[in-house]
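Chain by chain, the residues run as shown.
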Amino acid sequence: MDNVSPLPARATQVAFTRLELDRILSLYGRMVAAGHWRDYAIDLGAKTASFSAFRRAAENPEVRVVKDPALRLKQGEWILFGEGGVVLKRGQDLANVLAPIERRLVKLVEA
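It should be emphasised that the depicted structure is a prediction, and the values quoted were computed from it without experimental measurement.

**Q** Just to check I follow, could you spell out the environment of Leu-98 for this structure?
**A** For Leu-98, the location among the structural elements is in helix H2 (residues 94-110). Residue class for Leu-98 comes out buried when judged on its relative accessible area of 2%. Note: C-alpha distance between Leu-98 and Ile-24 (74 residues apart in sequence) is 8.2 Å. In contact with Leu-98, other than residues within four places in its own chain, are Arg-23, Ile-24, Leu-27 and Val-65.

**Q** How should I be thinking about the nonpolar core in this particular structure?
**A** When a protein is soluble and globular, its nonpolar side chains tend to lie buried together. Of all hydrophobic cores here, the largest spans 19 residues; its most connected members are Ile-24, Trp-37, Val-65, Trp-78, Leu-98 and Ile-101. For this core, the elements supplying multiple residues, two or more each, are helix H1 (18-33), strand S2 (49-54), strand S3 (63-67), strand S4 (78-81) and H2. At 5 residues, the largest contribution of residues to this core is made by H2.

**Q** Would you explain the packing of aromatic side chains in this entry?
**A** What characterises a pair of aromatic rings is the spacing of the ring centres plus the angle enclosed by the ring planes. Enumeration over the complete set of coordinates arrives at 5 aromatic pairs. Grouping aromatic residues by their ring pairs yields a cluster made of Tyr-28, Trp-37, Tyr-40 and Phe-51.

**Q** What is the right way to read a nonpolar patch on the surface from this model?
**A** Taken together, the side chains of Leu-25, Tyr-40, Ile-42 and Leu-44 make up a nonpolar region of the molecular surface, amounting to roughly 310 Å² of accessible area. Ranked by the residues each element gives to the nonpolar patch, the list is headed by strand S1 (residues 39-44), at 3 residues.

**Q** How should the pairing of S1 be read in this particular structure?
**A** The two faces of the sheet receive side chains in turn, since in a regular strand these alternate between them. In this structure, S1 lies alongside S2, joined through 6 bridges in antiparallel fashion. Opposite Ile-42, over in S2, you have Phe-51 as the bridge partner. Linking S1 back to S2 in an antiparallel pair, the connection comprises 4 residues.

**Q** What is the right way to look at the sheet that holds S4 in this model?
**A** Within a sheet, neighbouring strands are paired by backbone hydrogen bonds and run either parallel or antiparallel to one another. One open sheet accounts for 5 strands, arranged S1-S2-S3-S4-S5; its pairing is antiparallel. Whereas interior strands pair on both sides, the edge strands pair on one side only; in this sheet they are S1 and strand S5 (87-91). With direction set aside, neighbouring strand axes in the sheet form an average angle of 15 degrees. In this structure, S2 lies alongside S3, joined through 5 bridges in antiparallel fashion. Bridge pairing in S3 places Ala-53 opposite Val-63. Against the sheet, H1 touches S1, S2, S3 and S4, its axis set at about 160 degrees to S1.

Conventions adopted
- Residues numbered from 1 in each chain as written.
- Predicted model: local features only at pLDDT ≥ 70, side-chain atom pairs only at ≥ 80, totals over all residues.
- Heavy atoms only, no water.
- Helix = DSSP H or I, 4+ residues; strand = E, 2+ residues; numbered from the N terminus.
- Buried < 20%, exposed > 50% of the residue type's maximum accessible area, 1.4 Å probe, protein only.
- Contact = heavy atoms within 4.5 Å.
- Core = buried A, V, L, I, M, F, W, Y, C linked by side-chain atoms within 4.5 Å.
- Phe/Tyr/Trp six-rings, centres within 6.5 Å; stacked < 30°, edge-to-face > 60°.
- Patch = residues over 30% accessible without salt bridge, like charges linked within 9 Å, V, L, I, M, F, W, Y side chains within 5 Å.
- Areas by Shrake-Rupley, 256 points an atom, 1.4 Å probe, with all protein chains shown as cover.
- Salt bridge = Lys/Arg side-chain N within 4 Å of Asp/Glu carboxyl O.
- Pairing = 2+ DSSP bridges.
- Axes fitted to C-alpha atoms, helices over the stretch in contact; angles between N-to-C directions.

Below, the structure written as structure tokens:
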């Protein structure tokens, strides 16, 4: 009985809430309807959660929305990355971070 070790602690995982995921997938659906995006990927990790949108399945993501709770009190927990990994927007509010994509959607629909 001396060789009994305790179970390892359960690993924490960052995830999107239902409302966050609903807002992101709503935007994704509208971009698909506009014919701009065709695929997506969700990555839930120990420190961050990310949603990536692709024009085609074999490419690098066109945009990536990352939730990083460790930055909540500093720069904001939401980060929007562009195609080359460039930070397009940071903030506390998901709607504000997604605003550049919303504007692009309006331009796509008007054209």
